[in-house]
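Listed below are the residues making up each chain.
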Amino acid sequence: MLNYTIRRLNLLFFTLLVLSVVSFSLAFLFPGDSLTNLSGVKSPTPIQLASLQESYKVDSNYFWQYIAYLRLLLDGDWGISFTSQQPLLDDLSTTLPATVELSTYAFTLAILIGVPCGIIAGLKHHKIFDFSILSASLLGYSVPVFWLALILIQLFSLQLSLLPLSGRISLYFDVPIQSGFIIYDIFQAENIDKTAALRDVFFHLILPTLSIAIMTGTIIIRIVRRSVLNVLEQDYIKAAYGRGQTNAQVFWKHGLRNSLLPVLPLIVTQFTTLLTNAMIVEVIFSWPGIGNWLIQAIYQRDYPAIRGGMLMVSSLVIMFTISLDILIRVIDPTKGRKIRVAV
Amino acid sequence: MALLDVKNLTLEIDTANGWINVLDKVSFSINNKEIRALVGESGSGKSLVVKAIVGALPERWRIKADRMMWQGEDLLNMRQDKRRKITREQIAVVYQNPATSLDPSATLGDQIMEAVSSKLLSRGWFWQKQQQREKIAITHLHKVGIRDHKTCMDSYPHQLSDDVCQKFMIALALVSQPKLLIADDPTMAMVPSTKIQILKLFKHLNQTRGLSILFVSHDLLSIFSMADSLTVLYCGQTVETGKMDKILKRPLHPYTQALLDSAPSFSKGLERKTDLPTLEGTIPPLQHLPIGCRLGPRCPRAQKDCVKTPEERRIHEHFYRCHFPIHRPTK
Ligand SMILES: Nc1ncnc2c1ncn2[C@@H]1O[C@H](COP(=O)(O)OP(=O)(O)OP(=O)(O)O)[C@@H](O)[C@H]1O
Ligand code: SF4
Ligand SMILES: [Mg+2]
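Each value, and the rule that gives it
- Residues numbered from 1 in each chain as written.
- Chains lettered and ligands numbered in written order.
- Predicted model: local features only at pLDDT ≥ 70, side-chain atom pairs only at ≥ 80, totals over all residues.
- Heavy atoms only, no water.
- Near = heavy atom within 4 Å.
- Nonpolar A, V, L, I, M, F, W, Y, C, P; charged D, E, K, R; others polar.
- Donors = N, O, S within 2.8 Å, 3.2 Å for Na, K, Ca; no water.
- Helix = DSSP H or I, 4+ residues; strand = E, 2+ residues; numbered from the N terminus.
- Contact = heavy atoms within 4.5 Å.
- Buried area = accessible area lost by both parts, 1.4 Å probe.
- Salt bridge = Lys/Arg side-chain N within 4 Å of Asp/Glu carboxyl O.
- Polar contact = N/O pair within 3.5 Å; in protein donor to acceptor, adjacent residues only side chain to side chain.
- 1 Å grid on protein atoms, 1.4 Å probe; cavity = no way out; pocket = protein on both sides within 12 Å on 5 of 7 lines; lining within 4 Å.
- Points joined across faces, edges and corners; volume = space filled by probe spheres on them.
- Domains from an automatic or database assignment.
- Areas by Shrake-Rupley, 256 points an atom, 1.4 Å probe, with all protein chains shown as cover.
- Buried < 20%, exposed > 50% of the residue type's maximum accessible area, 1.4 Å probe, protein only.
- Pairing = 2+ DSSP bridges.
- Axes fitted to C-alpha atoms, helices over the stretch in contact; angles between N-to-C directions.
- Phe/Tyr/Trp six-rings, centres within 6.5 Å; stacked < 30°, edge-to-face > 60°.
- Lys NZ or Arg CZ within 6 Å of the ring centre and 35° of its normal.
- pLDDT = per-residue confidence, 0-100.

### Let's talk about the site of ligand 2
As a structural note, the neighbourhood of ligand 2 is formed by H253(B), P254(B), C293(B), L295(B), G296(B), C299(B), R301(B), A302(B), C306(B), C322(B), H323(B) and F324(B). Residue classes in the shell around ligand 2 are distributed as 8 nonpolar, 3 polar and 1 charged.

The following block contains the structure:
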């Protein structure tokens, strides 16, 4: 176990290192002056220029420049954005929570739909329910996310006028940004009707969450269904029937855990796909998240922002994946070591 | 009345080559307090017979039988929950492959406590019952020779060696206090001394508690020392079945004869280091089963009539399926 953790952390360390190298080299590959691309300061005064040259060590070779860049990254100085002229880290800390919030809800929803449906489809193998779930999931799986989002908007916002078209919360609620997580911020805010604000947030959430969750949900259905079918074929399930246990006993005591344990890592990796989808959907719903922010940065040729945004998103994904790997390893009992028993 | 009476059990399974009769009219019965041995080469279908009795086969396989009676009730034509109740309370199985027959993600303790029959518990609160369950489980682990019950019960199957798992399977089977124990190659992974212990335990339970046993094994010597009666299986057909002493004295089927000859202690007058007598050839693969008597291509006594499947014939309690039996004048 310790060994495994160390190996994973090792992997994490080197991947992060490679990511920082890539982001560093982006500054040189983008058009324009590399110092401007790194710092984000477009027309510095001579004094500023001198201090920037000093902190980015432009006079030494690439290696030392990279070390200087790394040190600045760790100090929290990621440069400033061309367009907003704000420190990148500040921008990121307001946009990132919005994305994380949206993706978390969508992922939770996807699991809440996907796991039970997958289990039922597996248990009712080749019956009507199985076929209908399978066809529905094929449909959900093949529809492009942005198209689905547009269709949902067309239907629920424009035609039926049931749900809001875009944004996170209506403008007449004045919620100061504290953590970036809107629900938390509402609770912290003063002078607003909190219930009404929460309702409003909820209605704003429905469409974007659905458009992201449907695809991941259908993938999870397929993963879980396959695994349930596979486990039901196993000897120990047949043996449990042979011991006279009822269907319910066999499923709850032996079937469920063994079906879900091996696919947990697979399900978790779906989160990264979901995050990508979330970033696309944000643009459509004008959700103030990092996807939207990055697209704006690309339109505006805001090179420091592109560099910082990519570095942030990819590091988060890597850290998330690896910590879940370790967590899953901890809770999976089938991965322990041999024990000798005296007989 | 026999405890378990199986008549013409036929099992078809679907393979890449279509449906194949892996069991073809298997018949035998087990009386109360009897130890019946089931022998046959590897691949002859012994484990399938075992699984068919307790219903541990995939649902899509086709299983048919003239009768499969448990104390006068037909197992195949009864409600599923009733059948499960019988297998839960009265029949117990030691599966051949402990590594795959145990739940990989549950501790052995959980698995054995779950199998303790609630009949054996006195009234009490949930936790009191749990304690009684644990006590019964531990007693049985000791019985099969697992002394370190604590470690064993806290472990997962993959953490223990094969022979410990196999002993555990035996404890797991005995813990429900069954009437019939079906033991599929129960001593396979064991060293000789533990093997003798387990066989002694079986014999002891048979004599003191009247436990009936269907003993499936390759090991002719332990079979001869334990069993009262014998059923010989070849390629999914029962070729001969009857009392042990009768068969030993006078086997009627050529396959049984060959089987007995292959056990050194039963072939008299062997020189040292001579080859043991064997039949030519090997057991045919499933997709190339011969028609008629499945032993045909390997049988020293085969004649033209053998392409027709021989009917079962009987002399008292001794059944055989052969057109040209040994020790009998042919018609
Ligand atoms: N799940 C399965 N799918 C396909 N064929 C199977 C399956 N289980 C068993 N068979 C086939 O059925 C035949 C009988 O198998 P079985 O396991 O009953 O043999 P056995 O007599 O128990 O052999 P052994 O002494 O090695 O345990 C074999 O030819 C085997 O290949
Ligand atoms: S029926 Fe024929 S082939 Fe089969 S065992 Fe008897 S003699 Fe041999
Ligand atoms: Mg077997």
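Anyway, onward from the coordinates.
### Side note on the coordination of the magnesium ion (ligand 3)
Surrounding the magnesium ion (ligand 3) are the protein donor atoms S47(B) (OG) and Q96(B) (OE1), which sit 1.9 to 2.1 Å from the metal. In this pair, S47(B) sits in helix α1 (residues 46-54) while Q96(B) sits in the loop between β7 (91-94) and α3 (98-101), placing the two residues 49 residues apart along the sequence.

### Some remarks on the interface of chain A and chain B
At the interface, 28 residues of chain A touch 34 residues of chain B. Both sides of the chain A and chain B interface together cover about 2,800 Å² of buried area, and 50% of this is carbon and sulfur. Here R257(A) makes a salt bridge to D103(B), at a shortest N to O gap of 3.3 Å. Our enumeration of links across chain A and chain B arrives at 13 residue pairs in polar contact (both at pLDDT 80 or more). When contributions to the side of chain A that touches chain B are tallied by element, the ones reaching two or more residues are α10 (235-242) and α11 (247-284) of chain A. When the residues that make up the side of chain A that touches chain B are grouped by side-chain class, the tally is 9 nonpolar, 9 polar and 10 charged.

### Focus on the layout of surface pockets
One number sums up the size of the largest pocket: a volume of about 1,100 Å³. Forming the walls of the largest pocket are 33 residues, and the residues nearest its centre are K238(A), Y241(A), L57(B), P58(B) and E59(B). Counting residues per element, the lining of the largest pocket draws most heavily on helix α2 (residues 80-89) of chain B, which supplies 4 residues. The calculated volume of the second largest pocket comes to roughly 550 Å³. Forming the boundary of the second largest pocket are 27 residues, of which Q245(A), K253(A), M113(B), E114(B) and A115(B) lie nearest the centre. A total of 5 residues in the lining of the second largest pocket trace back to one element, the largest contributor, which is helix α4 (residues 108-115) of chain B. Of the residues that constitute the lining of the second largest pocket, the class distribution is 9 nonpolar, 9 polar and 9 charged. Here the lining of the second largest pocket spans two domains, since at least three of its residues come from each of domain 1 (1-90 + 180-191 + 209-265 + 275-331) and domain 2 (98-177) of chain B.

### What to know about empty space enclosed by the protein
All names here are of chain B. This model, assessed by the stated rule, comprises 4 cavities of 30 Å³ or more. The wall of the largest cavity is formed by H253, P254, C293, L295, G296, C299, R301, A302, C306, C322, H323 and F324. Of the residues belonging to the lining of the largest cavity, the class tally is 8 nonpolar, 3 polar and 1 charged.

### Overview of the site of ligand 1
Residue and element names in this part refer to chain B. Among the 14 residues in the neighbourhood of ligand 1, the closest are listed as S42, K46, S47, Q96 and H218. Take G43: an N or O atom from its main chain is 2.9 Å from an oxygen atom of ligand 1. Relative to its free-state accessible area of 640 Å², ligand 1 is covered by the protein chains to the extent of 65%. At 3 residues, α1 tops the list of elements feeding residues into the shell around ligand 1.

### A few points about the environment of V268(A)
Residue and element names in this part refer to chain A. Along the polypeptide, V268 turns up in helix α11. Of the residues examined, V268 reaches a relative accessible area of 15% and is grouped as buried. In the structure, V268 is positioned 57 residues away from D325 in sequence and 8.8 Å away in space, judged by C-alpha atoms. When neighbours within four sequence positions are excluded, V268 is seen to be in contact with F107, F320, L324 and I328.

### Here's the deal with the sheet that holds strand β11 (residues 237-243) of chain B
Residue and element names in this part refer to chain B. An order of β7-β8-β9-β3-β10-β11-β13-β12 is seen for the 8 strands of this open sheet, with the pairing classed as mixed. Edge positions in the open sheet fall to β7 and β12 (313-315), since each of these has one partner strand only. Averaged over all adjacent pairs, the angle separating strand axes in this sheet is 15°, with direction ignored. Pairing between strand β10 (residues 229-234) and β11: 6 bridges, direction antiparallel. Bridging across to β11, S229 finds its partner in K243. In the packing of helix α11 (residues 254-261) onto the sheet, the strands contacted are β3 (35-39), β10 and β11, and the crossing angle to β10 comes to about 105°.

### What about the packing of aromatic side chains?
We describe a pair of aromatic rings using the distance from one ring centre to the other and the angle between the two ring planes. Summed over all chains, the structure comprises 13 aromatic pairs over all chains. Where F28(A) meets Y62(A), the ring centres are 5.3 Å apart and the plane angle is 80°; that geometry is what we call edge-to-face. Taken together, the residues F28(A) in helix α1 (residues 2-29) and Y62(A) in helix α4 (residues 62-75) connect sequence positions 34 residues apart. A relative accessible area of 56% places Y62(A) in the exposed class. Aromatic ring contacts, followed pair by pair, group F24(A), F28(A), Y62(A), Y66(A) and Y69(A) into a single cluster. The residue whose ring lies beneath K42(A) is F82(A), and the NZ or CZ to ring-centre distance is 4.5 Å. We note R62(B) situated over the ring of W19(B); from NZ or CZ to the ring centre the distance is 3.7 Å.

### Considering the confidence of the model for chain B
Per-residue confidence for chain B averages 85 on the pLDDT scale, and 94% of its residues sit at or above 70. At the level of chain-chain contacts, confidence expressed as ipTM amounts to 0.84, with global pTM at 0.84.

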